[in-house]
Structure formats: structure tokens, C-alpha cells
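One letter stands for each residue in the lines below.
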Amino acid sequence: LIISKNPPALITNGNVINKGVNTELDKLREVVSNGKKWLESFQDSLRKDLDIPKLKIGYNKIFGYYIEVTKSHQNKIPNSFIRKQTLTSSERYITEELKEYEQKVLNAEENIYNIESKIFNDICIEIMSHIVDLQKNASAINYLDFYSSSYQDYNLNLYLQLKRKILIFFQI
């Protein structure tokens, strides 16, 4: 199945398309749902690699994601780190990996919406290309349902008439 069994009322709410339909969509959903885990893992690996126990990764709306290191550990920072902001007791840096991840996270929800919308629209276009056949089938099912119900009503009436005749016969 392409469309989820319980889609939201609005396509903008996401989760309209099932997992496994589109690889990129699955990866973006994973970025959104596992973002905190990735950041914790990245922070832990940096702490171990650089031997800086109090290194932390943070986020603010102005600078985005950053790596904060106290001034006492600045000498352990590799050249690949880019200084972003100087504070009283610490420095904030970014790396290419963190910047790429930030772009993924910030764009993930928008991209999820775009991919889901495209898949959903493609399905709608495919359905519309078969609309005449679908309408013919719906009409045929409508007639079958009507005649089936009528036949059931007819049989019920025959049964009730027969029952009345039997009762009248035994009353006589």
C-alpha cells in the first residue's frame, strides 16, 4: 500500500505515504524523528575523540547548531572546526558535518511535505486517468446493490405472506 491506512485529514500534517514507498522520504522522516539521538551520538563521539568531557552541542535561532567548548579546552580543538562565536567563558564552533546535519533537519519537514505531495498527486493523476472505468464499475455496483436489496425485500414479503396464509389456514 502506498497511502497509509489512517492518513491525517490534511496532507500538510504528513504521514500520508507509507514507509518503504520512497527511500528519500524514509531518510528524511528518520532525520526528523531521530534528530536528538543523532546529536547526542555526535556530541558523545566528539567528547571522546577530543577528550573534552564538558563539550556540548546547542542550538539557537541566530547561529543554528553549534559546538560549545570552554576556554580551558580550546587547545584541543582541531583546525577543521570553524569558530562561530566567542563568549566570556567559552567558544562556539561549527563543523561541516554539523552544518550539513542542520540543513537536513531544517529542510526535512518541508522536503517530506514536498515528496508526499508529489507522490499523492501522482496517485491522483493515475486514478483520474481511469475515471471512466471507475464510474462504470461504481454504476454497475450500484445496480447490483439495488437489485440485490429489492430481491431480498421480495423474498421477505413472500415469506411473510406464506406465514400469514399458514396461520390463517390453521385458524380455520
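Everything numeric here is computed off the predicted structure, so don't read it as measured data.

**Description of the confidence of the model for the protein**
No. 1: When pLDDT is averaged along the protein, the result is 89; 97% of the residues meet or exceed 70.
No. 2: Averaged pLDDT values over the elements of the protein bottom out at 81 in helix 4 (residues 131–171) and peak at 96 in strand 4 (residues 90–94).

**Quick word on unusual backbone geometry**
No. 1: Even without being glycine, asparagine 15 reaches a positive phi, approximately 60°.
No. 2: Residue position: asparagine 15 is located in the segment before helix 1 (23–33).
No. 3: A positive phi is found at aspartate 51, a non-glycine position, where the angle reads about 55°.
No. 4: Along the polypeptide, aspartate 51 turns up in the loop between helix 2 (35–50) and strand 1 (56–60).
No. 5: Owing to a relative accessible area of 51%, aspartate 51 belongs among the exposed residues under this scheme.

**Thoughts on the nonpolar core**
No. 1: Counting residues in each nonpolar core, the largest one holds 25 residues, and the members touching the most others are Leu46, Leu55, Ile57, Ile67, Val69, Phe81 and Leu98.
No. 2: Elements with a contribution of two residues or more to this core: helix 1, helix 2, strand 2 (64–70) and helix 3 (96–128).
No. 3: Sorting elements by how many residues they give to this core places helix 3 first, with seven residues.
No. 4: Once you skip the residues sitting within four places of it in the chain, phenylalanine 81 turns out to touch Leu46, Leu50, Ile67, Tyr93, Ile94 and Thr95.

**A word on the layout of surface pockets**
No. 1: Empty space within the largest pocket amounts to approximately 160 Å³.
No. 2: What lines the largest pocket is simply Ile11, Thr12, Asn13, Gly14, Asn15, Arg29, Val32, Glu109, Ile112 and Tyr113.
No. 3: Counting residues per element, the ones that place at least two in the lining of the largest pocket are helix 1 and helix 3.
No. 4: Counting residues per element, the lining of the largest pocket draws most heavily on helix 3, at three residues.
No. 5: When its residues are assigned to classes, the lining of the largest pocket shows four nonpolar, four polar and two charged.

Cut-offs used in this document
- Residues numbered from 1 in each chain as written.
- Predicted model: local features only at pLDDT ≥ 70, side-chain atom pairs only at ≥ 80, totals over all residues.
- Heavy atoms only, no water.
- pLDDT = per-residue confidence, 0-100.
- Helix = DSSP H or I, 4+ residues; strand = E, 2+ residues; numbered from the N terminus.
- Buried < 20%, exposed > 50% of the residue type's maximum accessible area, 1.4 Å probe, protein only.
- Core = buried A, V, L, I, M, F, W, Y, C linked by side-chain atoms within 4.5 Å.
- Contact = heavy atoms within 4.5 Å.
- 1 Å grid on protein atoms, 1.4 Å probe; cavity = no way out; pocket = protein on both sides within 12 Å on 5 of 7 lines; lining within 4 Å.
- Points joined across faces, edges and corners; volume = space filled by probe spheres on them.
- Nonpolar A, V, L, I, M, F, W, Y, C, P; charged D, E, K, R; others polar.

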